[in-house]
Amino acid sequence: IERQMRELLNGMWEIVEVEGKKVRLEEKPSMVLDIESCKLTGNSGCNIMNGEIEYDDTTINNAIRFTGIASTRRMCTPKAMEVEDAVLDAINKIDAFRILDNNRVGLYDAPSDQNLIVLKRK
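Undergrad: Hey, could you run me through the pairing of strand S3 (residues 30-34) in this one?
TA: On any regular strand, side chains alternate: one points to one face of the sheet, the next to the other face. The pairing of strand S1 (residues 11-18) with S3 spans four bridges and is antiparallel. The partner of Gly 11 across the bridge, within S3, is Leu 33. As defined by bridge partners, S3 adjoins strand S4 (residues 39-43) across five bridges and the pair is classed as antiparallel. The residue bridging Val 32 from the neighbouring strand is Thr 41, located in S4.

Undergrad: Would you explain the state of the cysteines in this entry?
TA: A disulfide bridge is the covalent bond that connects two cysteines by way of their sulfur atoms. What the rule picks out here adds up to one disulfide. Covalently, Cys 46 is tied to Cys 76 through a disulfide, its sulfur atoms 1.8 Å apart. For the disulfide bridge between Cys 46 and Cys 76, the dihedral angle about the S-S bond is near 75°, and by the sign convention the bridge is right-handed. You can see Cys 46 sitting in the loop between S4 and strand S5 (48-54) and its partner Cys 76 sitting in the loop between strand S6 (65-71) and helix H2 (78-91), a full 30 residues away along the chain. Of the residues examined, Cys 46 reaches a relative accessible area of 3% and is grouped as buried. Taking relative accessible area as the criterion, Cys 76 reaches 24% and is therefore assigned partly exposed.

Cut-off values and rules
- Residues numbered from 1 in each chain as written.
- Predicted model: local features only at pLDDT ≥ 70, side-chain atom pairs only at ≥ 80, totals over all residues.
- Heavy atoms only, no water.
- Pairing = 2+ DSSP bridges.
- Helix = DSSP H or I, 4+ residues; strand = E, 2+ residues; numbered from the N terminus.
- Disulfide = S-S within 2.5 Å.
- Buried < 20%, exposed > 50% of the residue type's maximum accessible area, 1.4 Å probe, protein only.

Below you can see the structure in the form of structure tokens.
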């Protein structure tokens, strides 16, 4: 069952909310989750980011972690940089996911109930 749930994460996502705040950038940050090869690529608001995806279902249902996150170092508008800092900060705290509806997923830090990032299918 865990594996089937994870398969739902495969694909392109827009980051529409970070730590409870709606992302108010014209060009939304996004991520591509490649569940098969355990890779994350995307745009954190300004820069290109990539990293690894790890699962450990022994401790939490629907466990997911993003590790080895690296990003380019381009300067952007202050607003884009602010969003990017929040996205990168939140990604490092995530350890679980939940399906919110047909095209939205919440990424959070268990056992907290607060979504750190909300993804919307692109």
